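# Structural description and commentary
Okay, here's what each chain looks like letter by letter:
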Amino acid sequence: MKSPLSVPALALSCALLAACNTQPGILYTTEGNEFDVMSLTDAQGNCEGLARVAYLTWWGVETLKGCWARERGEIVGRFPGLEDRRVPLGAFQRTELAEYRGASLH
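Residues numbered from 1 in each chain as written. Predicted model: local features only at pLDDT ≥ 70, side-chain atom pairs only at ≥ 80, totals over all residues. Heavy atoms only, no water.

## Focus: the state of the cysteines
Rules: In this description, the term disulfide denotes a pair of cysteine sulfurs within 2.5 Å. The numbering of helices and of strands both runs from the N terminus, where a helix is a DSSP run of H or I of at least 4 residues and a strand a run of E of at least 2. Exposure is judged per residue with a 1.4 Å probe applied to protein chains only, and the accessible area is read against the type maximum: over 50% gives exposed, under 20% gives buried, and values in between give partly exposed.
Enumeration according to the criterion identifies one disulfide in this entry. Residue Cys47 pairs covalently with Cys67 via a disulfide, S to S 2.1 Å. Note on the Cys47 and Cys67 pair: the S-S dihedral is about -95°, so by sign convention the disulfide is left-handed. Residue Cys47 is located in the loop between β2 (37–41) and β3 (52–58), and its partner Cys67 is located in strand β4 (residues 62–71); the two are separated by 20 residues in the primary sequence. By relative accessible area, which is 21% here, Cys67 ends up partly exposed.

Structure follows, in structure tokens:
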């Protein structure tokens with residue numbers, strides 16, 4: 001016989017798992033000549049030091065996950081199998097999430 005609390009507990013667990021986002025929130029984006037969009041997050045993932053998770057997308061065909069770090073007046077994106085992508089800080093736009101968090105690249 002099932003406990004009367006087991007069904008609500010199971011439902012609550014499922015709702016909490018559904019609400020969890022396994023992909024980090026995007027804080028900044030930019031468009032490029034050699035790629036469609038570079039997106040920056042504040043998640044560390046497997047990135048070393050102060051670097052954070054970044055995504056690089058090619059016109060809906062492929063998305064690579066890499067790391068980004070600020071170096072002087074640029075964002076340097078490092079993606080597996082590619083040369084570093086260097087983009088000026090001013091090329092990035094804040095997302096609504098960055099606005100909400102009060103995040104800044106400067």
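## Let's talk about the nonpolar core
Applicable threshold: To form a nonpolar core, buried Ala, Val, Leu, Ile, Met, Phe, Trp, Tyr and Cys residues must be joined to one another through side-chain atoms within 4.5 Å. Here a residue-residue contact requires only that any non-hydrogen atoms of the pair lie within 4.5 Å.
Core analysis: the largest hydrophobic core is formed by 18 residues, its most contacted members being Tyr28, Met38, Leu40, Ile75, Phe92 and Leu105. Looking at this core, the elements with two or more residues in it are β1 (26–31), β2, β3 and β4. For this core, the element with the highest residue contribution is β3, accounting for three residues. When neighbours within four sequence positions are excluded, Tyr28 is seen to be in contact with Met38, Ser39, Leu40, Phe92, Gln93, Arg94, Thr95, Ala98, Ala103, Ser104 and Leu105.

## Let's talk about the confidence of the model for the protein chain
In plain terms, the rule: Within a predicted model, pLDDT stands for the predictor's per-residue confidence, ranging from 0 to 100.
Looking at the protein chain as a whole, its pLDDT mean stands at 83, while 78% of the residues score no less than 70. Every residue in residues 5–19 is under pLDDT 50, and counting partners more than four places away or in other chains gives zero contacts.

## A short note on the pattern of salt bridges
Once their charged atoms are close, side chains differing in charge can pair, the charge on each being opposite to the other. To be explicit about the condition: We count a salt bridge whenever a side-chain nitrogen from Lys or Arg sits within 4 Å of a carboxyl oxygen from Asp or Glu.
With the rule as written, the count across this model stands at seven salt bridges. Across the pair Glu99 and Arg94 runs a salt bridge, and its minimum N-O distance is 3.5 Å. One network of salt bridges, in which partners are shared, links Glu71, Glu74, Arg78, Asp84 and Arg86.

## As for the environment of Cys47
On the basis of relative accessibility, which here comes to 7%, the residue Cys47 falls in the buried class. Note: C-alpha distance between Cys47 and Ala69 (22 residues apart in sequence) is 9.6 Å. Discounting residues that sit within four places of it in the chain, Cys47 has contacts with Arg52, Val53, Gly66 and Cys67.

## Quick notes on the pairing of β2
Walk down a regular strand and you will see the side chains alternate between the two sheet faces. To be explicit about the condition: Strand pairing is assigned whenever DSSP detects at least two bridges linking the two strands.
Across the five residues that make up β2, a large majority, four, are buried. Sheet topology places β1 next to β2; five bridges connect them, and they run antiparallel. When the bridges of β2 are listed, Ile26 appears paired with Thr41. Counting the residues in the hairpin turn of β1 and β2 gives five residues. Relative to β3, β2 is paired through four bridges, and the arrangement is antiparallel. Paired with Met38 across the two strands is Leu56, which belongs to β3.

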